[in-house]
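Okay, here's what each chain looks like letter by letter:
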Amino acid sequence: MLANGEIGRVSMKASFLFVQVFFCLCVLFSCSKKLDLSQKVLYQRVKAEIKGFDPIHASDSYSAREVSKVYEGLFEYHYLKRPYTLAPNLADGMPHIADDGLTYTFKIRRGVYFHDNPCFENGQGRELTAEDFVYSIMRLADPKNSSPGWWVLDEKIKGLNEWRDLQKTAEMSDYNLSIEGLKALDKYTLQFILKRPFPQFLYSLAMQFTSVVPKEAVKKYKSEFINNPVGTGAYMTETFNALSNKIVYVANPKFREKFYPTEGSEGDEERGLLKAAGKRVPFIKKIVTYIMPEHSPAWLSFLKGEVDELEIPKDNFDQAIAPDKSVTNNLSQKGVEVEVENALDVTYFAFNHTNPLLQNLNLRRAMSLAINRDKLNELFYHGLGIKAQTPIPPGIKGYDESYKNKYTAYNIQEAKSLLEQAGYKDGKGLPEIAYDTISTTVYRQIAEFFVKEMAQIGVKVKPNFNTWPQLLKKIKTRQTQIHAISWVADYPDAENFLQLLYGPNSAPGANGSNFNDSIFNQKFSHVSLMQDSSERTKLYVQLAQEVAEKVPWILGVHRTNFRLKHGWIKNYKGTEFKHGIEQYWDIDLDKKKELIAKF
Amino acid sequence: MNNLIYFIRRFLYLIPVLLGVCLIIFFLFNIVVGDPTPLLLGKNATIEQMETLREELGLNRALYLQYFDIVKSAFTLDFGRSWATKQQISQMIINGVVPTLSMTLPAFFLSTFISLIVAIVVAFYRGGKVDFVVRAACIAGMSIPSLSYILFFQYYLAYQEGLFPIQGYDYGFPHFIPFIILPALIWIILSIGPDVRFFRTVILDELYQDYVRTAKAKGLSQVNILFKHVLRNSLIPVITYVVIQLPYLILGAILLENFFSIPGIGSMILSALNSNDFPVLKSLAVITSLALIIFSLLTDFLYTLVDPRVKLS
């Protein structure tokens, strides 16, 4: 017995010793994260890894947002104005556009300097010139760089595609060759000549892909340029390791004189968004971006005040937002505020119009009427999406709030009657229709919902689940019958949505439904070449409604984005175009100290 | 001399094994899974761009050449650059291994040590109350999904009590320590259940051996019997169990690393999976296979140390 006790004591002693050592370590080193309340530091969360700091490779929204803190382009979206409006950034005013709509001449802002970096003589950033834009655009076009952003300028600029083709076989790309449509006329004048009119061209120059980079940095860092950002932006990276979970930016001490906008949209003044009007930006001295792939730690970090603003994770939506779309009491007591923004997107179920079965208009209309969009909205979008009546979402000229599409109503009787007119009474004789979607949980649930809705009128649907590349391949090779998909605006112009139905854009182009209607094609090719005007908006409205009633797709919803922010963040306005917006934000340190004390 | 010949022979076996591993990897990534170019180029990709990229990535080359590329990278350990992040893969792995091992190594050794001690105690008190309670606790602990532990501890200890950071990782000693304590603690809790049960069974097998009875008859103390004789003789299965787990420590813990935003190999695997970053996945598969082969060789060698009767030949 004594021996047994001895064993127990020896073993337990050893175990406890280690446990004690472990817990001593815990006490010694443990602490929750200390917030820096001595200066204006913004803490952000990004949910996916950043694919480096080369603008021509920043194809996903997360990388694009980070890249835009450091790099800038000729244009940006006006921070406050809605509908979204372009504002000159590195361009000194709007360009001169020749009468033929082909020649764009820009003046470049003077006195803009690249960040100090060892790639420059004496390590001092040099002044930006028009040549830098010529070089940056050629880099985007260079086939050796395989930029996913090339589509932005593909077949747009005179001579650029030809230059690109030449470089495909060349051992080294030749940046000294002259391109007819891309020239620096002098140090501060840049000229583009387009192949054909493209009124959306200026939007391309607000995208991260066309941001300006200095050739010295590309030359010095070569393949490591992606890890050594040198831009002209409001912020510079202090620490960046592509494989780390944190990026730290500091305000660019040599940033040019740039000021907070003095005009905004309706209601901005009342919301205090014009209090900083005319003040020099940026206000925040340091930004810390955490890469947090999981929603749960991001949510807890936000609640703890360690992250300043956050897109609400799906699982925490009910904890954050009350049924009236305001923040819940619990959060509002902590000074948390919500920013609601309509996403510039549309979700839809696309018919493949090359399939003879789906060319039957009455069948398409019947299927569209069988979908209960209120239920769809409630189940998958918290009831906060806007039921799509046409492909054009709110916030873009061409959206008509008063219009109700008669084929987006939920009407089973009418659906059955149309199905009978289509020649398939109660679905008899109608073959099973394949429905392709991606295999994530939500898309599987949407597929189940779709199958159930169609069963109400006797239409049998077989869901196929794919990886995203598989689905994309099927769409591009016209192998689907119906596929679930969504489109997010590349730029805020109705053309970006209507081109999804333009016949010549059929798969492998962006028109994955291969809808090809000669009347629509004719009208679209006319309106898409018009410069922005009230007449063009009227035509967009008309065209969108006409095509929506031909039911090329079963329309779903336009989604709504909800972002939470702490009360100490000032000048915060929700936007779909988040490039460089942090330069306009401010932090009220006194309020932060006061609110943090309540946490 | 025998040992040397044995090791040389085992190292030579590496070649066919590695060729086989490369063949499986090639089959999985180059034949079974789909075309990665749509994902790499985004929603505006055209067929022409996809074709150009396929050409550039070497996906249009003859299959045997693509297989040869994998073999070459396995033998030279030069895996090229990531398709998604454009970073050097070897550098990514080096950078990722440090955070991963800083969390998994201490957690692994602590959990093994604690489990072994607990197993000795419960084996000694087999059939008694202590044994019953510990076994019940082990089974209960194993029945709870690992995600529940992560969510609970992250919420309660990090968020509610503020004892640990909710997430993050700082490079360099001792800066990383606060960030690895909570994930390491969860790792230990997750490992103790299966480890204690395994070690207990191994020790119990030994406790019923004749030499234990003889030792008792000779009047040796229980401490001596357990720690000098039983423990030493139990070491062969214990070593096999422990050493074979070591290569997996390099791979990290995908869930723990993701939930605690630790930029280790586990996080790297998940990102690579999400972005169809095949070169990264291939390189990790090759490295894991290599590590498994090397560590199984190490296990054989350790046998000779703990049991002089074992000869390598």
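On a predicted model such as this, the values are computed, not experimentally measured, just so you know. (Residues numbered from 1 in each chain as written. Chains lettered and ligands numbered in written order. Predicted model: local features only at pLDDT ≥ 70, side-chain atom pairs only at ≥ 80, totals over all residues. Heavy atoms only, no water.)

Undergrad: I tried to follow the overall build of chain A on my own but got confused; where do I start?
TA: Secondary structure summary: chain A contains 18 helices and 24 strands in total. Relative to its length of 599 residues, chain A is compact, with a C-alpha radius of gyration of 27 Å against a globular reference of 25 Å. Each principal axis of the C-alpha atoms in chain A carries an extent, and together these give about 85 × 85 × 55 Å. Counting only residues that meet the buried cut, chain A has 59% of its 599 residues in that class. Restricting to contacts in chain A with at least 6 residues of sequence separation, those with at least 24 account for 71%. As presented, chain A carries roughly 24,800 Å² of accessible surface, and 51% of it is formed by carbon and sulfur atoms. (Helix = DSSP H or I, 4+ residues; strand = E, 2+ residues; numbered from the N terminus. Rg over C-alpha atoms; globule rule 2.2 N^0.38 Å. Buried < 20%, exposed > 50% of the residue type's maximum accessible area, 1.4 Å probe, protein only. Contact = heavy atoms within 4.5 Å. Areas by Shrake-Rupley, 256 points an atom, 1.4 Å probe, with all protein chains shown as cover.)

Undergrad: What is the right way to look at the domain arrangement of chain B in this model?
TA: Accessible area lost upon the coming together of the parts is a frequently used measure of interface size. As far as domains go, chain B holds domain 1 (2-76) and domain 2 (89-276). One C-alpha centre belongs to domain 1 of chain B, the other to domain 2 of chain B, and the line joining them spans 34 Å. (Domains from an automatic or database assignment.)

Undergrad: Is there a simple way to explain helix H16 (residues 518-527) of chain A in this structure?
TA: A turn of α-helix holds 3.6 residues, and therefore any two residues three or four places apart point the same way. Residue and element names in this part refer to chain A. If you check which residues of H16 are buried, you get Phe520, Asn521, Phe524 and Val527. Down the axis of H16, the sector holding all buried residues measures 140 degrees, keeping them to one side. Facing away from the buried side of H16, by more than 90 degrees, are the exposed residues Ser518 and Gln522. On its buried face, H16 sits against helix H15 (495-498) and helix H17 (534-548). (Arc of directions from axis to C-beta.)

Undergrad: Which parts of the structure should I look at to understand the sheet that holds strand E9 (residues 246-251) of chain A?
TA: Backbone hydrogen bonds hold the strands of a sheet together, and the pairing may be parallel or antiparallel. Residues and elements named next belong to chain A. The mixed open sheet is built from 4 strands, whose spatial order is E1-E12-E9-E8. Two strands bound the open sheet, and with one partner strand each, they are strand E1 (41-46) and strand E8 (235-239). On average, each strand axis in the sheet is tilted by 25 degrees relative to the strand beside it, whichever way the strands run. In this sheet, E9 lies alongside E8 in antiparallel orientation, the contact comprising 4 bridges. Each residue of the ladder has a partner; that of threonine 237, found in E9, is tyrosine 249. Across the sheet, helix H2 (residues 61-70) is in contact with E1, E8, E9 and strand E12 (286-291); its angle to E9 comes to roughly 30 degrees. (Pairing = 2+ DSSP bridges. Axes fitted to C-alpha atoms, helices over the stretch in contact; angles between N-to-C directions.)

Undergrad: How do you make sense of the interface of chain B and chain A when you look at a structure like this?
TA: Chain B puts 63 residues into the contact, and the matching count from chain A is 65 residues. When the two sides are added together, the surface that chain B and chain A hide from each other amounts to roughly 5,700 Å², 64% of it contributed by carbon and sulfur. Our enumeration of links across chain B and chain A arrives at 2 salt bridges. Residue lysine 246 of chain A pairs with aspartate 170 of chain B through a salt bridge whose shortest N-O separation is 3.1 Å. The interface formed by chain B and chain A contains 7 residue pairs in polar contact (both at pLDDT 80 or more). In terms of residue count, the dominant contributor to the side of chain B that touches chain A is helix H5 (residues 89-124) of chain B (11 residues). Among the residues forming the side of chain B that touches chain A, the class breakdown is 40 nonpolar, 16 polar and 7 charged. (Buried area = accessible area lost by both parts, 1.4 Å probe. Salt bridge = Lys/Arg side-chain N within 4 Å of Asp/Glu carboxyl O. Polar contact = N/O pair within 3.5 Å; in protein donor to acceptor, adjacent residues only side chain to side chain. Nonpolar A, V, L, I, M, F, W, Y, C, P; charged D, E, K, R; others polar.)

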